Amino acid sequence: MLSNRQLKPIFSNKNLTITMKRLSLTFLLIFMVALVTKGQKRYDELTYPKLDNFQKPNVKTFTADNGIKFFLIEDHELPLINVNVNVRAGGVSVPNDKAGLASITGTVIRSGGTKSIPADSLNTLLENNAASMETSVGFSSGSANMNVLKKDFNQLLPVFVDLLTHPAFPKDKIELAKKHQKSAISRRNDQIDQIGHREFNRLIYGKNSAYGRNTEYETINNITREDIVKFHDKNFTGKNLMVGVVGDFDSSAMKKKLKQAFENISAGTKNNLDFPEVEKKNQPSINFINKSDVNQSLVLMGHLGGLRDNPDYAKIQVMNQVLSGGFSGRILQKIRTDLGLAYSPGGQYGMNSFYPGLFYVQVKTKSSTTSEVIDAVKDVITRLQNEPISQKELQDTKDQILNSAVFRYDSYNKVLRQQMSYDYRDLPKDAFQQYIQGVKSTTVKDVQQVAQKYLRPDDLQILVVGNKDEIGDQLQKYGDVNTIDISIPQPGDNNKKVVKGDAAKGKKLLAKMTNAIIDPDVTLNSLTVSGEITQMQMGQSRTISTTMTVNYPNAIEQTIQMGPQSVHLSYKNGKGTMKAGDQERPLPAQMAKSLKNTLNRSFVSIALNAGDLNPQYLGTEKDSGNTYEKLSVNIEGTDVTLLLDPKTYYPEITQYKQFVPSQGKQVTVENDYSDWETNGGVTYPHTQITLIDGNKSAEADYKSHKVNTDQ
Amino acid sequence: MKSHKYIFLTLLLCLFGLTLSPQLNAQSLQDFEKKVTKFTLDNGLTFIVIKRPVAPVVSMVTFADVGSANEPHGHTGIAHIFEHMAFKGTHQIGTKNWQKEKPVLKKEDATYHKWLGEKYSPDPDSTRMKKLWSQFKDLQKKEEQYVKNNEFSQIIERNGGTGLNASTGADQTMFFYSLPENKLELWFSLESDRFKNPVFREFYKEKSVIGEERRRRTESSPIGRLVEEFLAVAYTASPYQHPTIGWNSDITATTIQDTREFYNTYYVPNNLTMAIAGDVNVKEIKKMAKKYFGDIPAAPAPPPVYTKEPKQRGERDFTIQGQSQPILLMGYHTVPEGHPDFQTLQLLASVLSGGRTSILYKRMVDKEETALQVASFNGFPGTKLTPLFATLAVPNRGVSVDTLKATILDEIDKVKNGNITKEELDRARTNARANLIRRLDSNTGIARMLAQAEAQRGDWRTVFTDLQDLQNITVDDLQRVAKKYLTQDNLTVGSIVTKSNKEVANAK
């Protein structure tokens, strides 16, 4: 590509070097410095030759009978072949209560393998050949990719097609994908960037809109295998697929291979992805999220952006570049360079193809300069509306866009992807050239006009994520600060209906139970039990010896012996420690929470608090041939059911629903009590069986129980 | 250091017959021999030029063989400070009047130095400190009137430059961007000016930008806090113990004068390697290299890092109680790149956690479902001194970091007992080869890779010859290095555990 170019004359010192070898070293240095600097040019003295023509590769396209569109580019540089599949499918078509379905389907297509090649074999086959296949479904499109060494292409292409068309969707991989999603949900409030961008989206698009909604534990639980199969079958059909291939191959041979490999995919019907309207907010707001473990605020400011097909697209992009383009953009110039208040401030006037993008500016600055940054950003935006930019700034901005345009197509893969993307978004093939023309003809006046038309500094939604104590009252001046609750909803949170029954009879029955297990003459302060507990988990069981003292109302001391190892738990009022040998660490939060719940929902605690509770009598209930009196008490939002023996009033069965983090769902916890013995005025069951969703998960066999041993 | 390892090439050619897919190595290296030109100027500055006429663009990398591990005591972060200052212009760029600006800058730095002296004196005089500070602030304002903000970067962007940035690591500092191919001379002009005439303009304002960078990367990020703490615990003496971005007090104490001395010592021609990849004309580049860089005087080689990490005497553990979800990081001291065991440890990391068939992924992510992610890698935080073989693991909900640690140790024990199969080893080798080929498809990627190999390994060809060395590694070698390096006494374990069960403090 360099051959036809006129080289511009530059300084040559070839002959000089030869002569110089005979000269003394000192002289040589002086001489050389003097001469070589002479040829050096300052940036503004340089003239440039014409840019080499880019022989943009020829994209061969064809459409198969089943509707699949193919795009081919030969690239013989490296012995690789890359297949990009674009799927007309997306999370936008998934209802809110199954949010996460598109993403899980995308994951499990790959992770679950196919009916003929199970996951493990697929992984081994691919990795033995240094090949990769990945699938994913995003919000407005899905994709699949195969990257292989040329020599393995023929062997692996049918496997790839099999994966796209006959994924096995095994139950265990679906569960694993769900578990990962839930782990990700549990981690979503750890980093301020993630919190800020997620919540800013919700603020602008609406938190119940398809654009702003969250994937939650509950929505993941709602997804069934059937949903996944349906989603796949509807979307992975000929009319919804585009296949692009780039790499080291011969196009006509490749065309044949592709036709054959993909011919059995049914055509299906072309999806109409329906993108709902977005409601525009015309009121400014100031919103805050507290994160006490940071010393820097994330400030996000903006409003709804625009659509790609706006005729002002090019002008708006020039304005966007003036505002936030690289080192030259005004935001960076002001906030970082002039004020030294942030490391990488930036922003964008987003213009999507299918739904309006976001206009935003984001800055991270130390807590104490939060409002200084907000004011400075507002100033920068307003200035762009009120003052025309200089002719020089316009020219510099255009130069940035025009001179870097060559990078838009600097690899064959980019050329291929761009063409597929334009096709997917129904943009004309020359959309980029049109944009370039539009940039060229943009004027100073245009920039100011689009700034006035599309930027709305009076409607800015401001979101700050940061440290409340350090920020203080800096935000008050922007209006009533709306504090956003980002705590993660747990499944079942929505149906907190307190069970209603016969309250008077309930009170009587609970009093009887209390008297039956605690002698009215005894004041129960602590209860110590010791014995063995057998836990069943994943088909395995293990037995531990334990001694536990409950100091009512809110403390537990427990020693657990597992073989030679012993662990001591010490819990009081929501917090605690774990000690093994000399090592002590805090009780994990989940464990502390679970201990608290178990304690408060125990029948002994219920008996001790009987006076403060509002028990409901729900009639009699039969279970395994026995008839019980059924009581329900609400403990901190959870209904606990107690089944009392009609003669002894011992609570033989207790039940409640609990959220289990490791499973990410509500389970029913049932305790069956028997072998009641009386000691020191307290009657306590020496056999306790715990069932989770009907499956036995633990059995406790206590040798003794003692009352008030600490005194 | 820059001796040519032709012997490796010969060896390489002899051994091709034995490799698993020999054509890949042969093709890659032979093709590259044709595409790559290396030359060194009389002053010691080395250029690597890679001809890759895919599109009319070119990517340039200036690789300085100096990083945070080379920093003088009390000035951690100075390598990174210099990196930032290299965007502030020169005598002729970024200034309205350098002759007037220069004395102000000098006075500004001297005043700051006096203020520091007072601040750290045994009995600081607060009145004098205040006075000096207000003098300093006045001088800073005075300097501002001569400054043309960001002119250096803007010239590049105006000319279509993309990917303009730089990075500082423990072992190296890199400056890079790409241009349309016809503007390559602009890079020569700007880059030579930049490293010949740095001015440390707006120095103190830039330090507050660095303060924000530090808050962002480290202080306000759970993983950033974990990594900083981890290195401080894992190293006793090695400069790898301090964060590349530096300790706050050191950043405060660093002046223009300190930074200039650092620059004078390390930014000398024989410590720099320039790589240019893309649609290039080698002859032209040679001429321009001499023209623009030939007048930099040769200088003595910078001093090496003398401090060696002593043998660790026992396992080190620490826990951060944070308001974030748990993360586990484990590391063992190993050997620098270039030591024969380095590659073996790389392969071991790949067998343990590279891909879905790897040992830890299969057990922890797939089978027992305890981990959301697990990754092992050798060569952290650098590769020149005593790096770590590190494993990062992220537990699923409800799983403790202790469970993950126990599983990882259990699998390492199995490796020590010789459980790795030939198939696993071959797979890791095959993937290492393919990964290299995949990295050869971007100008910037190639330029960085070859510049680093040339600067730190003495020959850009090591990128390819290393692959050949992998062929000689056996399963016994994997077992041997596991036994030798992955020992309990050599282990550091750091974790974040969740302090409170609130998802975000006080969120309501």
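Quick notes on the rules
Residues numbered from 1 in each chain as written. Chains lettered and ligands numbered in written order. Predicted model: local features only at pLDDT ≥ 70, side-chain atom pairs only at ≥ 80, totals over all residues. Helix = DSSP H or I, 4+ residues; strand = E, 2+ residues; numbered from the N terminus. Rg over C-alpha atoms; globule rule 2.2 N^0.38 Å. Buried ≥ 20, exposed ≤ 12 C-beta atoms within 10 Å, placed from the backbone. Pairing = 2+ DSSP bridges. Axes fitted to C-alpha atoms, helices over the stretch in contact; angles between N-to-C directions. Contact = placed C-beta atoms within 7 Å. Nonpolar A, V, L, I, M, F, W, Y, C, P; charged D, E, K, R; others polar. Domains from an automatic or database assignment. pLDDT = per-residue confidence, 0-100. Core = buried A, V, L, I, M, F, W, Y, C linked by C-beta atoms within 7 Å.

What is the right way to read the overall build of chain A from this model?
In terms of regular secondary structure, chain A is built from 21 helices and 27 strands. Taken against the 2.2 N^0.38 rule, which gives 27 Å for 711 residues, the C-alpha radius of gyration of chain A at 35 Å runs more than 25% over that of a compact globule. Principal axes of the C-alpha set define a box for chain A whose edges measure 110 × 65 × 65 Å. Within the span of chain A, comprising 711 residues, buried residues form 37% of the whole.

I keep staring at unusual backbone geometry and nothing clicks. Help me out?
The phi angle of most residues is negative, glycine excepted, and most peptide bonds adopt the trans form. Residues and elements named next belong to chain A. Cis geometry marks the peptide bond from Tyr 552 to Pro 553; its omega dihedral reads 10°. In this structure, Pro 553 sits in the loop between strand 16 (540-551) and strand 17 (555-562). Although it is not a glycine, Ala 130 adopts a positive phi angle of roughly 50°. Following the sequence through the fold, Ala 130 ends up in the loop between helix 4 (119-128) and strand 4 (132-137).

Explanation requested: the sheet that holds strand 5 (residues 173-180) of chain B in the structure shown.
Consider a sheet: its strands pair through backbone hydrogen bonds, and that pairing is either parallel or antiparallel. Residue and element names in this part refer to chain B. Spatially, six strands are ordered 1-2-6-3-5-4 in an open sheet, and the strand pairing comes out mixed. Edge positions in the open sheet fall to strand 1 (36-40) and strand 4 (162-168), since each of these has one partner strand only. Within the sheet, the average angular offset between the axes of one strand and its neighbour, ignoring direction, is 15°. Here five bridges tie strand 1 to strand 2 (residues 46-51), and the two strands are oriented antiparallel to one another. Pairing of Phe 39 across the sheet is with Phe 47, part of strand 2. Strands strand 1, strand 2 and strand 6 (272-278) of the sheet are contacted by helix 12 (residues 282-293), whose axis makes an angle of about 160° with strand 2.

Would you mind going over the interface of chain B and chain A with me for this structure?
Much of the literature gives interface size as the accessible area that the parts lose upon coming together. At the interface, 85 residues of chain B touch 91 residues of chain A. The residue inventory of the side of chain B that touches chain A, partitioned by class, reads 24 nonpolar, 34 polar and 27 charged.

I would appreciate a short explanation of the domain arrangement of chain B in the present structure.
All names here are of chain B. Taken domain by domain, chain B comprises domain 1 (60-95 + 147-293) and domain 2 (316-498). Once you take the C-alpha centre of each, domain 1 and domain 2 turn out to be 29 Å apart. Each partner contributes residues to the interface: domain 1 has 30 residues there, and domain 2 has 29 residues. Within the residue set of the side of domain 1 that touches domain 2, elements represented by two or more residues are strand 3 (57-64), strand 5, helix 9 (222-234) and strand 6.

Honestly, the pairing of strand 8 (residues 296-304) of chain A in this entry has me stumped. Any pointers?
Residues and elements named next belong to chain A. Counted residue by residue, strand 8 has nine buried out of nine residues, so it is predominantly covered. Looking at chain direction, strand 8 and strand 12 (residues 358-366) are connected through nine bridges and run antiparallel. Among the inter-strand pairings, Met 301 is bridged to a residue of strand 12, identified as Val 361.

Can you help me understand the confidence of the model for chain B in this one?
Residues and elements named next belong to chain B. For chain B, the mean per-residue pLDDT works out to 91, and 93% of the residues sit at or above 70. In this model, residues 1-24 is a region of pLDDT below 50 whose contacts with residues beyond four sequence positions or in other chains number 28 contacts. The low-confidence segment residues 501-508, where pLDDT is below 50, has 28 contacts with residues more than four positions distant or belonging to other chains. For this predicted complex, the interface score ipTM comes out at 0.88, alongside a pTM of 0.80.

How should the environment of B:Met85 be read in this particular structure?
All names here are of chain B. Mapped onto the secondary structure, Met 85 falls in helix 3 (residues 78-85). Placed 118 residues apart in sequence, Met 85 and Phe 203 show a C-alpha to C-alpha distance of 7.0 Å. Residue contacts for Met 85: discarding those within four places in its chain leaves Pro 198, Phe 200, Phe 203, Glu 206 and Thr 259.

Any chance you could explain the nonpolar core here in plain terms?
The nonpolar side chains of a soluble globular protein tend to be buried with one another. Within the largest apolar cluster, 188 residues are counted, with the highest numbers of intra-cluster contacts made by A:Val377, B:Ala275, B:Ile276, B:Ala447 and B:Leu450. Contacts of B:Ala275, omitting those with residues within four sequence positions, involve B:Ile48, B:Val61, B:Phe63, B:Ala447, B:Leu450 and B:Ala451. Counting residues in hydrophobic clusters, the runner-up holds 61 residues, among them A:Leu80, A:Leu101, A:Leu126 and A:Ala131.

Any chance you could explain the environment of A:Gln590 here in plain terms?
Secondary-structure assignment places A:Gln590 in helix 20 (residues 589-601). Along the chain, A:Gln590 and A:Asp97 lie 493 residues apart, while their C-alpha atoms are 26 Å from each other.

Would you mind showing me how to read helix 3 of chain B here?
Turn by turn, an α-helix covers 3.6 residues, leaving residues three or four places apart pointing in a common direction. All names here are of chain B. Buried residues dominate helix 3, accounting for eight of its eight residues. Every buried residue belonging to helix 3 is among Ile 78, Ala 79, His 80, Ile 81, Phe 82, Glu 83, His 84 and Met 85, and all of these are buried. Packed against the buried residues of helix 3 are strand 4, strand 5, helix 8 (203-219) and helix 11 (256-266).

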